[in-house]
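Structural overview
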Amino acid sequence: MKYFSLQNKQHIVSFEDAVVQGLAPDKGLYFPERIPAFEKDFLDNIEKHNDLDIAYTAIRSFVGDEIPEATLRQIIADTLSFPFPVQKVAGDIYALELFHGPTLAFKDVGARFMAGCLGYFRRNDTRPVTVLVATSGDTGGAVAHGFYNVPGVRVVILYPSGKVSTLQEKQLTTLNGNITALEIAGTFDDCQRMVKTAFLDAELQAHCLLTSANSINVARWLPQMFYYLLAWKQLKTSYPNVVFSVPSGNFGNICAGMMAAAMGLPVTHFVASTNVNDTVPRFMQTGQYTPGQATPTLSNAMDVADPSNFVRILELFSNSLPALKEKLTSISFDDKATAATMEQVWKEHQYMLDPHGAVGYLGLQQYLQQTGAGNDTAGVFLETAHPVKFADTAPASLQDKIVTPERVQSLYALEKKAVQLPNDYKALKDWLTAN
Ligand SMILES: *Cc1c(COP(=O)(O)O)cnc(C)c1O
């Protein structure tokens, strides 16, 4: 498969170049040259296939022959080494739980898949590559774990001091090895700006080979298709229709689901549920795309004002808003509704939501009510993180009911190791040059 830049369709690269570069030199996102179609027989019989075969079938044409079959199958097996259960919450409402991976959020899948691909492409290179990434919390942990001990790769993570949760900080700062955490005295936007400046700095690039692991990278974006296929596999024999509500920030996850639908997966409708950072819900109503500034919320992984991947969604619909509206609804909810839903769903259904999942639940509920969907429709919201990741800010009545999974309990005792840097590009450049 070849990829073109969404800024310039004449700029065409291989899968390898798209993965290693992350973003096109003209700052466009890469997009596959054509959309492959699933075979009807595969979709009709999806429940008879094992998860690894389903993932391989979905991703094969996007990779082409640039990674040999056995290697690609191994990367997939390493990526999907934990379950993706669909849990009934109430009636025909289900949670697709994406938090059973090592860092308790869905980003583990994209980060691991990308690490596998990058590790393969760099296998004969002696010059180490530096993965430079800014995180508001979840990306950093997933990238750190995904790339931990990958030969020839070092990872440098910038995170805003005091603005990530306790568990998120432990996940970033306790691995060591080829992972370094830079604790920046500033906001997430400052971290992102410093990283972007580094990518534009030719002098720095001459000194160290940089790549990005943010969700714009095709190797992080595309494997997220797997979730929707694996959910459909679990629901197909009980329901003819499925609606997915996806808590959305940078819109990479939902865009992968919409790609799977474009390939033939029979999804009735998508709901992009957001917090008060509502650029897309407003766009869907008015046709005007006016990002503004991000507002901090309880669902901090979705505090994004200008979602990078939305241009990919538009591309899937040939930039036609009426066509997009037939498949996508986008609804915004504030923190008050989010916290109230977490309490209510616990009280009524004994299901513990995290704030992102709560936003997804709200969007699903509102959409299903408005459209009057019957019991032939499975409503699925994506539970994108384990509630313990956001225990610090959970409603007081829930705090002592959130269970810490065993696999992260030991993290709290580990010593944090981070390099403190001011919110200043020169400090980052000096550090990268010296280390
Ligand atoms: C990153 C993240 C999101 C947003 O996903 P996008 O692909 O950026 O839309 C939602 N929930 C959690 C827990 C996340 O970490």
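This is a predicted model, so every value here is computed, not measured.

1. Quick look at the overall build of the chain
Along the chain, the regular secondary structure elements total 20 helices and 14 strands. Taken over the C-alpha trace, the chain has a radius of gyration of 21 Å; the compact-globule value for 435 residues is 22 Å, and the two agree within 12%. Here the C-alpha coordinates of the chain stretch approximately 60 × 50 × 45 Å along the principal axes. Burial statistics for the chain: of 435 residues in total, 59% are counted as buried.

2. Comments concerning helix H5 (residues 107–121)
Compared with an ideal rise of 1.5 Å per residue, which puts 15 residues at 21 Å, H5 spans 21 Å between its outermost C-alpha atoms and is within 8% of the ideal. A large share of H5 lies buried, amounting to 12 of its 15 residues. Those residues of H5 lying buried are Lys107, Asp108, Val109, Gly110, Ala111, Phe113, Met114, Ala115, Cys117, Leu118, Tyr120 and Phe121.

3. Section: the side chain of Arg122
Inspection of the secondary structure puts Arg122 in the loop between H5 and strand S6 (129–134). Discounting residues that sit within four places of it in the chain, Arg122 has contacts with Arg127, Val129 and Leu209.

4. A short note on the sheet that holds strand S7 (residues 153–160)
The parallel open sheet is built from five strands, whose spatial order is S9-S6-S7-S8-S14. Two strands lie at the open edges of the sheet, namely strand S9 (209–212) and strand S14 (419–422), each paired on one side alone. Each adjacent strand pair in this sheet contributes to an overall mean axis angle of 30°, direction not counted. In terms of strand pairing, S6 meets S7 through six bridges, oriented parallel. Of the residues in S7, the one forming a bridge with Val133 is Ile157.

5. Let's talk about the site of the ligand
Neighbouring the ligand are 15 residues; Lys107, Asp138, Gly249, Asn250 and Thr384 lie closest to it. Take Lys107: an N or O atom from its side chain is 2.5 Å from an oxygen atom of the ligand. Backbone polar atom of Asn253 to an oxygen atom of the ligand: 2.9 Å apart, as the coordinates give it. When grouped by side-chain class, the residues that make up the shell around the ligand number six nonpolar, seven polar and two charged.

6. Considerations on the environment of Arg112
You can see Arg112 is positioned in helix H5. For the pair formed by Arg112 and Leu80, sequence separation is 32 residues and the distance between their alpha carbons is 8.8 Å. If near-sequence neighbours (up to four positions away) are discounted, Arg112 is found in contact with Asp78, Thr79, Ser81, Phe82, Pro102 and Gly146. Here Ser81 takes part through its side chain, which lies 2.8 Å from a polar atom of the side chain of Arg112.

7. Thoughts on the packing of aromatic side chains
For the structure on display, the rule yields 20 aromatic pairs. Aromatic pair Phe84 and Tyr227: ring centres 6.1 Å apart, planes at 35°, arrangement tilted. A residue pair is termed long-range when its members are at least 10 positions apart, and Phe84 in the loop between helix H4 (69–79) and strand S4 (86–90) and Tyr227 in helix H11 (residues 225–235) qualify at 143 residues. A residue is classified by how much of its surface remains accessible, and Tyr227, at 1% relative accessible area, is buried.

8. Brief notes about the state of the cysteines
This model, assessed by the stated rule, comprises zero disulfides. Distance from the sulfur of Cys117, which forms no disulfide, to the nearest cysteine sulfur (Cys255) is 18 Å.

9. Observations concerning the environment of Pro296
Looking at where Pro296 falls in the secondary structure, it is placed in the loop between helix H13 (279–286) and helix H14 (310–316). A sequence separation of 133 residues divides Pro296 from Lys163, and the C-alpha atoms of the two residues are 9.9 Å apart.

10. Some remarks on the UniProt feature "domain: Threonine synthase N-terminal" (unreviewed entry) in the chain
Cross-referencing UniProt, the feature "domain: Threonine synthase N-terminal" (unreviewed entry) maps to residues 2–79 in the present numbering. Within residues 2–79, the helical portion is 46% and the strand portion 18%, while the C-alpha atoms at the span's ends are 23 Å from each other.

11. Considering the pairing of strand S13 (residues 377–383)
With seven of its seven residues buried, S13 lies for the most part within the structure. Judged by which residues are buried, S13 turns out to be covered on both faces: Thr377, Gly379, Phe381 and Glu383 on one side and Ala378, Val380 and Leu382 on the other are all buried. In this sheet, S13 lies alongside strand S5 (residues 93–97) in parallel orientation, the contact comprising five bridges. Considered in S13, the bridge of Leu96 is made with Leu382. When strand S10 (residues 241–247) meets S13, the two strands line up parallel, connected through five bridges. Bridge pairing in S13 places Asn241 opposite Thr377.

12. Observations concerning unusual backbone geometry
Located in the positive-phi region is Phe251, a residue other than glycine, with phi close to 65°. One can find Phe251 in the loop between S10 and helix H12 (252–262). For Phe251, a relative accessible area of 3% translates into the label buried. Non-glycine residue Gln350 carries a positive phi angle of around 50°.

13. Some points on the sheet that holds S10
Strand order in the open sheet formed by six strands is S4-S5-S13-S10-S11-S12, with mixed pairing between adjacent strands. The outermost strands of the open sheet, each flanked by one partner alone, are S4 and strand S12 (328–332). Shown here is a sheet whose adjacent strand axes are inclined to one another by a mean of 25°, direction ignored. Strands S4, S5, S10, strand S11 (269–274) and S13 of the sheet are contacted by H11, whose axis makes an angle of about 140° with S10. With respect to the sheet, helix H17 (residues 355–371) is in contact with S4, S5, S10, S11, S12 and S13, its orientation differing from that of S13 by roughly 160°.

Basis of the calculations
- Residues numbered from 1 in each chain as written.
- Predicted model: local features only at pLDDT ≥ 70, side-chain atom pairs only at ≥ 80, totals over all residues.
- Heavy atoms only, no water.
- Helix = DSSP H or I, 4+ residues; strand = E, 2+ residues; numbered from the N terminus.
- Rg over C-alpha atoms; globule rule 2.2 N^0.38 Å.
- Buried < 20%, exposed > 50% of the residue type's maximum accessible area, 1.4 Å probe, protein only.
- Expected span 1.5 Å × (residues − 1).
- Contact = heavy atoms within 4.5 Å.
- Pairing = 2+ DSSP bridges.
- Axes fitted to C-alpha atoms, helices over the stretch in contact; angles between N-to-C directions.
- Near = heavy atom within 4 Å.
- Polar contact = N/O pair within 3.5 Å; in protein donor to acceptor, adjacent residues only side chain to side chain.
- Nonpolar A, V, L, I, M, F, W, Y, C, P; charged D, E, K, R; others polar.
- Phe/Tyr/Trp six-rings, centres within 6.5 Å; stacked < 30°, edge-to-face > 60°.
- Disulfide = S-S within 2.5 Å.
- UniProt positions renumbered as here; feature names shortened; annotations may be inferred.

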